[in-house]
Amino acid sequence: MRHGLLAACALLALGQTAGAEEFQFAPDDSPLYLRLSTGASFLFLPEVNSFGGVHDFLNFSFADNPDESYALKGAGFGGSAGLGVNLDKAGLGLLGASRFEGTVHGYSVRDSNSQAFSGQFYNVIGVQGFIVPGDIASSGDDVIFNVKGTAEQIAGDVMLYWDYGPDSGLGRFTFGAGVTGGYSAVTYDASYPDDDSLHTIEKARTNFAGPQASIDFALPLAGRTTLHLGAKVAGLYIDGDLDARNSRGDTTYQKTRDSENWFAVQGTLSAGIEFGLWGAAVAKIGAEGSYLSGAPQIVNPQADPGTFVNATYYGPPSYLDHDGAWSGQVMVSVSVALFGP
């Protein structure tokens, strides 16, 4: 009995200690605050097929399709800048919200890929669906097919936040609602075996916008250290354009353009640790992962095995489609109050 009573007292004391941790004065408690972030961005885009190449015999009868498919899987730099207003401290009322934030964010990612295959001849089916002038001999040896991919994005969010339980040591929930929108571009530059002057260059550009909602749970730990767990979902209308061309040196042999629009959903999960620096300044180390149901995907002309692919061959041109894509970030951010409490 005595041992049980001691254990109960110990648990009660531990619970009181944990519950005593409360949110200290932080930048988002001030009338106006600034948040800056920087770190690494990761991108995994849908696969792009074939880039128009076919593998043939001397009689131009297509034998097989070399493994030329490519998916951009790269890392790069990302960052954001946000300005927030504590509506209560600023004496402003807007739908009962606690805070208002505007954020600009973006990334730049690069990737390259080289693939080898062997055969006798290599023909390039152009972006308009017919053979680009000139065969590229491989002499039966392994040849290298190179692709370089780059992706950039610049976007902005405008959000209202509602805080619940800000003075509780048991944690605080923050709900957000607003809009997001921006511009992204992905460019593929494919160079062909034994002729590095011959390129297929394709660029997909998208503009996107839509509503966004979020939830964040903040749990105060020891001192001015807080654990954050969050989720966010956005419904997006996406307007996409494709520009594609085949060129050798300064000469463009074929070019085509396509435009499409579609709807997509993007979901994001995040986690991070925030800790106080000095006064009303805090730093945060966090990571997030996102899935976009409709990232731009380029579909290029292909020939089926047995197809006669001499200069009279003509197939459909390159066009723009969409598929799922993953992205992620690992960020370090600093938030500072621009005015006192």
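Our structure's up above, just so we're on the same page.
As a convention, each chain's residues are numbered from 1 in the sequence order in which they are written. pLDDT decides what is reported in this predicted model: residues at 70 or higher carry local features, side-chain atom pairs at 80 or more are listed and counted, and totals for whole chains, interfaces and linings draw on all residues regardless. With hydrogens and water set aside, each side-chain value is computed from the structure's full complement of heavy atoms.

Just checking my understanding: could you explain the overall build of the protein for this structure?
Strands here are runs of E lasting at least two residues and helices are runs of H or I lasting at least four, both read from the DSSP assignment and numbered beginning at the N terminus. A count of helical and extended segments in the protein gives one helix and 14 strands. Buried means the residue's accessible area, taken with a 1.4 Å probe over protein chains only, is under 20% of the maximum for its type, while exposed means over 50%, and partly exposed covers the values in between. Buried positions account for 44% of the 341 residues belonging to the protein. Expressed as a percentage of contacts within the protein between residues at least 6 apart in sequence, the contacts between residues at least 24 apart total 74%. Contact between two residues is taken to exist if any of their heavy atoms lie within 4.5 Å; hydrogens are not considered.

Can you help me understand the environment of P46 in this one?
Mapped onto the elements, P46 comes out in the loop between β1 (32–44) and β2 (53–56). A relative accessible area of 4% places P46 in the buried class. Between the alpha carbons of P46 and D323 there is a distance of 6.0 Å; along the sequence they are 277 residues apart. In contact with P46, other than residues within four places in its own chain, are Y70, A71, Y188, A295, P296, Q297, D323, G324 and A325.

Looking at this model, I keep getting lost on the pattern of salt bridges. Mind explaining?
Oppositely charged side chains can pair when the atoms bearing their charge come close. Salt bridge, as applied in this entry: a Lys or Arg side-chain nitrogen positioned within 4 Å of an Asp or Glu carboxyl oxygen. Counted by the stated rule, this structure contains six salt bridges. Close ionic contact of R35 with E101 constitutes a salt bridge, the shortest N to O distance being 3.1 Å. You can see R35 sitting in strand β1 and its partner E101 sitting in strand β5 (residues 99–118), a full 66 residues away along the chain. Owing to a relative accessible area of 22%, R35 belongs among the partly exposed residues under this scheme. Here R257 and D243 are joined by a salt bridge, their closest N and O atoms 3.0 Å apart. Within this pair, whereas R257 is found in strand β12 (residues 251–278), its partner D243 is found in strand β11 (residues 225–248), the two being separated by 14 residues in sequence.

Help me out: how do you make sense of the environment of E47 in this one?
For E47, the location among the structural elements is in the loop between β1 and β2. C-alpha of E47 to C-alpha of I298: the two residues are 251 residues apart in sequence and 8.2 Å apart in space. Setting aside residues up to four positions removed in sequence, E47 forms contacts with S69, Y70, A71 and Q297.

How do you make sense of the pairing of strand β10 (residues 195–220) when you look at a structure like this?
Put simply, side chains in a regular strand alternate between the two faces of the sheet. Two strands pair when backbone bridges link them, and strand β9 (residues 172–192) and β10 are joined in this way by 21 bridges, in the antiparallel orientation. Paired with A177 across the strands is A213, a residue of β10. DSSP bridges decide pairing: two strands pair if at least two such bridges lie between them. Pairing of β10 with β11 involves 21 bridges; the strand directions are antiparallel. If you follow D216 over to β11, its bridge partner there is G230. Between the end of β10 and the start of β11, which pair antiparallel, lie four residues, with G223 showing a positive phi angle near 60 degrees.

Any chance you could explain the packing of aromatic side chains here in plain terms?
Any two aromatic rings considered together are summarised by their centre-to-centre distance and by the angle between their planes. For Phe, Tyr and Trp, rings pair up if their centres lie within 6.5 Å, where Trp contributes its six-membered ring, and each pair is then called stacked (planes under 30 degrees apart), edge-to-face (over 60) or tilted (otherwise). Tallied over the entire structure, the rule returns five aromatic pairs. On the basis of an interplanar angle of 70 degrees and a centroid distance of 5.8 Å, the ring pair of Y164 and F175 is categorised as edge-to-face. In this pair, Y164 is assigned in strand β8 (residues 142–164) and F175 in strand β9, connecting sequence segments 11 residues apart. Aromatic pair Y291 and W326: ring centres 4.7 Å apart, planes at 55 degrees, arrangement tilted. Taken as a pair, Y291 in strand β13 (residues 281–299) and W326 in strand β14 (residues 319–337) lie far apart in primary sequence, 35 residues in all. Through successive ring pairs, a cluster of aromatic residues spans Y164, F173, F175 and F217.

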